[in-house]
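# Close look at the chain arrangement
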Amino acid sequence: MGALLAAMLASCAGASPEGTASPAGQPVLGLDDVDAEPVERREETVAVAFDAEAAAELVSEVPADLDFDEHALVCVFLGPRLTTGWSLDLRTASLSDGELRIRARETAPRTETRPETTYPADCGLLTRPALPPGELRVWADDTVTDEFIAEALIEVPPASGT
């Protein structure tokens, strides 16, 4: 029963269980958590890193065990918020019609906060082999409100070994 429910929820979110192939036989695009603190970015944007040098511009410390042949680092930056207490949580990633869509949950402060400009962000790991080489439009929106969060046009290099 639990496996059936998990499969139904995954299909509703537009995601496939990790390790299965997509209908076209391409690798499944997964979005995994990463233990890395995003740097402070003052602009609202989405950024993707395909190597350690680019990742160092997105997070304060690149995880030593991050394999860029298997993963790409994606970060969504909300831009300025005028109080403390805001957060962002990346939830899912999907490829559709040649675009990468990141679904995230932006959470406003629930209690009284102090006025201080903050720059909320979150990062995750994308399944590298599933990303098509070339120009790719990436956009992020909120899972609850469907409100736009940020977008970018990135250049995906060919995967190593291709």
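Residues numbered from 1 in each chain as written. Predicted model: local features only at pLDDT ≥ 70, side-chain atom pairs only at ≥ 80, totals over all residues. Heavy atoms only, no water.

## Focus on the packing of aromatic side chains
Using the following cut-off: Working definition: rings of Phe, Tyr and Trp (its six-membered ring) pair if their centres are within 6.5 Å, and the pair is stacked with planes under 30 degrees apart, edge-to-face with planes over 60 apart, and tilted otherwise. Only when the NZ of Lys or the CZ of Arg is both within 6 Å of the ring centre and within 35 degrees of the ring normal is a charge said to sit over the ring.
All chains considered together, the criterion is met by zero aromatic pairs. Just above the ring of F77 sits the side chain of R41; from NZ or CZ to the centre is 5.1 Å. Note that R81 overlies the ring of W86, its terminal NZ or CZ placed 5.4 Å from the centroid.

## A word on the state of the cysteines
To keep it simple, the criterion reads: Disulfides are defined as cysteine sulfur pairs within 2.5 Å. Only DSSP runs of H or I reaching four residues or more are called helices, and only runs of E reaching two or more are called strands; each is numbered from the N terminus. Here the term buried applies to any residue with accessible area under 20% of the maximum for its type, exposed to any over 50%, and partly exposed to those in between, with areas from a 1.4 Å probe on protein chains only.
In this structure the tally under the stated criterion is one disulfide. Bridging C75 to C123, the disulfide has an S-S length of 2.1 Å. Taking the sign of the S-S torsion, about 105° here, the bridge from C75 to C123 comes out right-handed. Taken together, the residues C75 in strand β3 (residues 71–77) and C123 in strand β8 (residues 121–127) connect sequence positions 48 residues apart. Take C75: its relative accessible area is 0%, and that puts it in the buried class.

## A short note on unusual backbone geometry
Look at D97: it is not a glycine, yet its phi comes out positive at around 50°. Within the element layout of this structure, D97 appears in the loop between β5 (87–96) and β6 (99–107). Here D146, not a glycine, exhibits a phi torsion of approximately 60°, which is positive. Along the chain, the position of D146 falls in the loop between β9 (134–142) and β10 (148–156).

## Looking at the environment of L131
Heads up, the condition is: Between two residues, a contact is recorded if the distance between any of their heavy atoms is within 4.5 Å.
As for its placement among the helices and strands, L131 is situated in the loop between β8 and β9. For L131, a relative accessible area of 4% translates into the label buried. When near neighbours in sequence (up to four residues on either side) are disregarded, L131 contacts L29, F50, A72, L100, L126, L136 and V156.

## Remarks on the environment of R81
Summarising the element assignment, R81 is placed in strand β4 (residues 81–83). On the basis of relative accessible area, R81 is assigned to the buried category, the value being 16%. When sequence neighbours within four positions are dropped, the list of residues in contact with R81 reads W86, E106, E116, T117, T118 and P120.

## Some thoughts on the sheet that holds β10
Backbone-to-backbone hydrogen bonds pair the strands of a sheet. The strands run either parallel or antiparallel. As a reminder of what qualifies: In this description, strands pair whenever DSSP reports at least two bridges between them. Interaxial angles span 0 to 180 degrees and are taken between N-to-C directions of axes, which are lines fitted to C-alpha atoms, for helices over the stretch in contact.
Spatially, the four strands line up as an open sheet ordered β5-β6-β9-β10, and their pairing is mixed. Either end of the sheet is taken by a strand with one partner, and the two such strands are β5 and β10. Neighbour-to-neighbour, the strand axes of the sheet open up by a mean angle of 20°, direction not taken into account. As defined by bridge partners, β9 adjoins β10 across eight bridges and the pair is classed as antiparallel. Note on β10: the bridge partner recorded for W139 is E151.

So far we have only geometry, and geometry alone does not tell us how the molecule works.
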